[in-house]
Amino acid sequence: MNRAVAAIIGTSLFSGAVTASAQMPEQIDPVTVTVDAGQLQGSRENGVLVFRGVPYAAPPLGPNRWRPPQKVESWKGVRAATAHESPCVQPVDLDTTVANFGGVNGAQSEDCLYLTITAPTDAEDAPVLVWFHGGAFFLGSGSLGSYDGTANARAGVITVSVNYRLGALANFVHPALEEEQPDEPKGNYALQDSVAVLEWIARNIGAFGGDAESVTIAGQSAGGGIVTNLLSLPSAKGLFDKAIVQSGSLLLPDRDTSAAQDLAVAALETIGLDTGASASDLRSVSAQTFAASEELREGIFFNRDDSFKPVSTIAALRAGSEIDVPLLVGSNEGERGFSAARTFAELAGDDGAAAFLYRFDYTPSFREAEWKAGPIHSAELMFTFDSIDQSSWGGERAGDSDHEMAEAINSCWIAFIKMDASQRSFECADGFVWEEYADGKEAAILDQGGFDMVAAQPLADGPPQTSQ
């Protein structure tokens, strides 16, 4: 290389002579595992193992759009798993430094079916937490800082954070697609992705030191809705043994398939596709077009499908036919949703496995001016993961009491994940005994004054509508 050119390349274009080598990231401390599609190279970081951008299904592109998740093709050699792949397509701010309401900024891709795995360095038959992010089913990503699994790994739990398809690319049924593949399940692609994740874990988590027989599914908001619906899916039975639903008790009936098709046809008309659109026409529409159209990205929900989703979870709960595993469910003081969580606990805990109900009431001092009616939607995440330092809501503003609360609350989630599925109570936070929501109908209150079991019925369903 010409010395003059090399000198230009090695010098920053910004003020100050910063060499190119100073701009490079630190060299990783590699660790390699073998999964069913090939070898993965992750990294040792902060005393734990991290694997990013791990594919669990083939990219849902071209002919695979609006189809069940397809098998990952095997690769040759060692595949790097040290950087996150792009989140699923969603609307983002034109300023790439500004995150959307799902916490995502920058590039996205329809090729997005990837996992982030954080594990202890010496795991052996470790319990597994499978995390489904929130975001109203059309926003979000499993790789956000609030979902950092480092604290869980240090406590002996493997965390698997999931990307699943979003918006119309996740939940879409249309007559042309029915005609094209009449024998495949239609719609519910985010749920089909979720089952594919659990099947991938059953086959591969042992390579990371995990126990495929000890899997807790968990999610917040829309991710809680994913978990809620997994509790009634025949194909998910036997793939998990506990469930956590945070502010996501979406006990709703499934949309009728014909009504879902009518919704899709009407939404497509807003971008110039008429009722006679073919499957090829639909696949010619760019993923960004679906994300940009409000009619096509929002309100497209799970639908009934006899071959995949024959019953809604609310109907299964009322019939006593749900997948019967221990359930931890609740919401935050400053949001709506506690009444739904209480109903969920009552239905899930009426017989068989125990249900545990909570309300998160802790407001950190640095948020008191904003969260005047209590912690808002998503406020608990940096506490349940003990990830205040990685969360955009916490960071340097957090004090010692906030970190202590995060450690205590995370210890309760860890205790639930580790407990035997037959238990009716568990202990956490230096001696707090969390009792099931049973005859006493009590919920755990998690707040500044410590943790306490209180009567659940008198607790308000969030703040008055006009308070925030």
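Residues numbered from 1 in each chain as written. Predicted model: local features only at pLDDT ≥ 70, side-chain atom pairs only at ≥ 80, totals over all residues. Heavy atoms only, no water.

Colleague: Hey, could you run me through the state of the cysteines in this one?
Modeller: What makes a disulfide is a covalent bond joining the sulfur atoms belonging to two cysteines. For the structure on display, the rule yields two disulfides. The partner cysteine of cysteine 88 in its disulfide is cysteine 112, sulfur to sulfur 2.0 Å. Taking the sign of the torsion about the S-S bond as the criterion, the disulfide between cysteine 88 and cysteine 112, at about 90 degrees, is right-handed. Highlighted residues: cysteine 88 in the loop between β4 (78-80) and β5 (114-120) and cysteine 112 in the loop between β4 and β5, separated in sequence by 24 residues. What makes cysteine 112 buried here is its relative accessible area of 2%. (Disulfide = S-S within 2.5 Å. Helix = DSSP H or I, 4+ residues; strand = E, 2+ residues; numbered from the N terminus. Buried < 20%, exposed > 50% of the residue type's maximum accessible area, 1.4 Å probe, protein only.)

Colleague: Honestly, the pairing of strand β14 (residues 442-447) in this entry has me stumped. Any pointers?
Modeller: Regular strands place their side chains on alternate faces of the sheet. Examined bridge by bridge, strand β11 (residues 355-360) and β14 share three bridges and lie parallel to one another. If you follow arginine 359 over to β14, its bridge partner there is isoleucine 445. Note that β14 and strand β15 (residues 450-455) share six bridges and pair antiparallel. In the sheet register, alanine 444 faces β15, and the bridge partner there is methionine 453. Following β14, the chain reverses through two residues before pairing antiparallel with β15. (Pairing = 2+ DSSP bridges.)

Colleague: What's the story with the pairing of strand β6 (residues 126-132) in this structure? I'm lost.
Modeller: β6 sits mainly inside the fold: seven of its seven residues count as buried. In terms of strand pairing, β6 meets strand β8 (residues 210-220) through six bridges, oriented parallel. Paired with leucine 129 across the bridge in β8 is threonine 216. Bridge count between β6 and strand β7 (residues 158-162): five bridges; the pairing is parallel. Across the sheet, residue phenylalanine 132 finds its bridge partner in β7, namely valine 162.

Colleague: I'm lost on unusual backbone geometry in this one. Help?
Modeller: Glycine aside, the phi torsion of most residues is negative, and most peptide linkages are trans. For alanine 136, which is not a glycine, the phi torsion comes out positive at approximately 60 degrees. Checked against the element boundaries, alanine 136 lands in the loop between β6 and α3 (150-154). The class for alanine 136 is partly exposed, based on a relative accessible area of 46%. In this structure, aspartate 430 takes a positive phi of about 55 degrees despite not being glycine. Looking at the element boundaries, aspartate 430 is found in the loop between β12 (425-428) and β13 (432-435). Residue classification places aspartate 430 among the exposed positions, given a relative accessible area of 86%.

Colleague: Explain a negative patch on the surface to me, please; I cannot follow it from the model alone.
Modeller: A contiguous patch of negative charge, built from Asp324, Glu346, Asp350 and Asp351, is present on the exposed surface. On the secondary structure map, aspartate 324 appears in the loop between α11 (313-319) and β10 (327-332). (Patch = residues over 30% accessible without salt bridge, like charges linked within 9 Å, V, L, I, M, F, W, Y side chains within 5 Å. Areas by Shrake-Rupley, 256 points an atom, 1.4 Å probe, with all protein chains shown as cover. Salt bridge = Lys/Arg side-chain N within 4 Å of Asp/Glu carboxyl O. Lys, Arg positive; Asp, Glu negative; His and termini not counted. Charge placed at Lys NZ, Arg CZ, Asp CG, Glu CD.)

Colleague: Explanation requested: the environment of isoleucine 201 in the structure shown.
Modeller: Its location among the elements puts isoleucine 201 in helix α5 (residues 189-204). A residue is classified by how much of its surface remains accessible, and isoleucine 201, at 1% relative accessible area, is buried. With 73 residues separating them along the chain, isoleucine 201 and valine 128 place their C-alpha atoms 9.1 Å apart. If sequence neighbours within four positions are ignored, isoleucine 201 has contacts with Val130, Val160, Ala212 and Val215. (Contact = heavy atoms within 4.5 Å.)

Colleague: For this particular structure, what's the right way to read the side chain of glutamate 184?
Modeller: With respect to the helices and strands, the residue glutamate 184 is situated in the loop between α4 (175-180) and α5. Those residues in contact with glutamate 184 that lie beyond four places of it in its chain are Arg67 and Pro68.

Colleague: Quick question: what am I supposed to make of the environment of aspartate 211 here?
Modeller: In this fold, aspartate 211 is placed in strand β8. Between the alpha carbons of aspartate 211 and glutamate 124 there is a distance of 7.7 Å; along the sequence they are 87 residues apart. Aspartate 211 has contacts with Asp125, Ala126, Val128 and Ile205, leaving out every residue within four places of it along the chain. Of the polar contacts made by the side chain of aspartate 211, one reaches the backbone nitrogen of glutamate 213; its length is 2.9 Å. (Polar contact = N/O pair within 3.5 Å; in protein donor to acceptor, adjacent residues only side chain to side chain.)

Colleague: I'm lost on helix α14 (residues 400-418) in this one. Help?
Modeller: Relative to the 27 Å expected for 19 residues at 1.5 Å per residue, α14 spans 27 Å between its end C-alpha atoms, a close match to the ideal helical length. Every buried residue belonging to α14 is among Asp402, Met405, Ala406, Ala408, Ile409, Asn410, Cys412, Trp413, Ile414, Ala415, Phe416 and Ile417, and all of these are buried. (Expected span 1.5 Å × (residues − 1).)

Everything listed here is a matter of coordinates, which is why it stays silent on function.
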